[in-house]
Amino acid sequence: MGLVVAVGVVAGLLWGGYVRAMAAGFEVEPVDRKAEAKRALLRWPRYRWPPSYEVACALVCGLVVWRAGLPYLFFTLVGTALAVIDWRTTRLPDVLTLPAYPILALTLVPTGELAQGVLGGVALVFLYGVLWFIKPSDMGLGDVKLAGLIGMAVATLGWEHWVAAALGGQLLGAAYAVWLLVTKRGGRDTQFPFGPFMLFGAFGTLCLGS
C-alpha cells in the first residue's frame, strides 16, 4: 500500500506542474478552440515556487489512491486539471472531458465493477441533464459531461458512494453560494464555476474508501 500511495503522490507532484502550464493555455472565450486545445495540451510543465499546484495535486492523488486504490488515479489526475481550468475560465473543455471516458473505463476494469460504473455515469448524466434543462443559466453542458465521469468513477465503489458524490457536489456549491452572499462578494444571480465543487465532492467520496 505504501508503494501505491507513493505512486499517487509522485504522479500528483509531476502532474501539478503540467496542470499549471495547461490551464494557462485555455481562455474564457477562445476564438479557435482547436488551436487553443493544441496550444494548451502541448505545453511543457511549469514547476514554480511556491509549488501550490504540485502540492495540491499530490495531496489529492495520494489521498484518493490510499483510500480507494490505484484504478482511480487517472480520474483524479484529469479531475484536478478540469477543476483548475474551470475555476480559471468557467469552462470544461471537451478536449479533456470526452477522451477521458474510454480511458477512465479502461482504468476501472480492475475494480470488477465497470458495468455498474457505466450505469452510474449514465444515471448522473441524466440527473445533471435534467437540472440543466430546468435552468440552463445555472449549469453548463460541460457540467453535464463531467457528471458522467464522476458517476462512472464513484459508482464502482457502490451506489451509496454515487449518492454521496451527487449530493456532495451540490452541497459544496450551495455552501459557496451562501458564502458569497454572506460576505457580499456576490448576489443571488452571481455565476461561478460549478465543476470544481462537483469534483471535490467526488474526491471526498472516493476518500471514504470501498
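Provided above is the structure to which this section pertains.
Residues numbered from 1 in each chain as written. Predicted model: local features only at pLDDT ≥ 70, side-chain atom pairs only at ≥ 80, totals over all residues. Heavy atoms only, no water.

K.L.:
Pulling in residues and values, what's your account of the overall build of the chain?
P.N.:
In terms of helices and strands, the chain carries nine helices and zero strands. Taken from N to C terminus, the helices and strands of the chain fall in the order α-α-α-α-α-α-α-α-α. Since a compact globule built from 210 residues should have a radius of gyration of about 17 Å, the 17 Å found for the chain is in line with a globular shape. Dimensions along the principal axes, computed over C-alpha positions, put the chain at roughly 45 × 40 × 35 Å. Expressed as a percentage of the 210 residues in the chain, the buried residues total 45%. Of the contacts formed within the chain by residues at least 6 apart in sequence, a portion of 75% connects residues at least 24 apart. Taken as a whole, the chain presents about 10,800 Å² of accessible surface, with 70% of it coming from carbon and sulfur. In the chain, which carries 16 positive and 12 negative side-chain charges, the distance between the mean positions of the two groups comes to 7 Å. (Helix = DSSP H or I, 4+ residues; strand = E, 2+ residues; numbered from the N terminus. Rg over C-alpha atoms; globule rule 2.2 N^0.38 Å. Buried < 20%, exposed > 50% of the residue type's maximum accessible area, 1.4 Å probe, protein only. Contact = heavy atoms within 4.5 Å. Areas by Shrake-Rupley, 256 points an atom, 1.4 Å probe, with all protein chains shown as cover. Lys, Arg positive; Asp, Glu negative; His and termini not counted. Charge placed at Lys NZ, Arg CZ, Asp CG, Glu CD.)

K.L.:
Account for unusual backbone geometry, naming residues and giving values.
P.N.:
Between tryptophan 49 and the following residue, proline 50, the backbone shows a cis peptide bond with an omega angle of 0 degrees. Following the sequence through the fold, proline 50 ends up in the loop between α2 (33-41) and α3 (52-67). Although it is not a glycine, threonine 90 adopts a positive phi angle of roughly 55 degrees. Inspection of the secondary structure assignment puts threonine 90 in the loop between α4 (73-89) and α5 (94-108).

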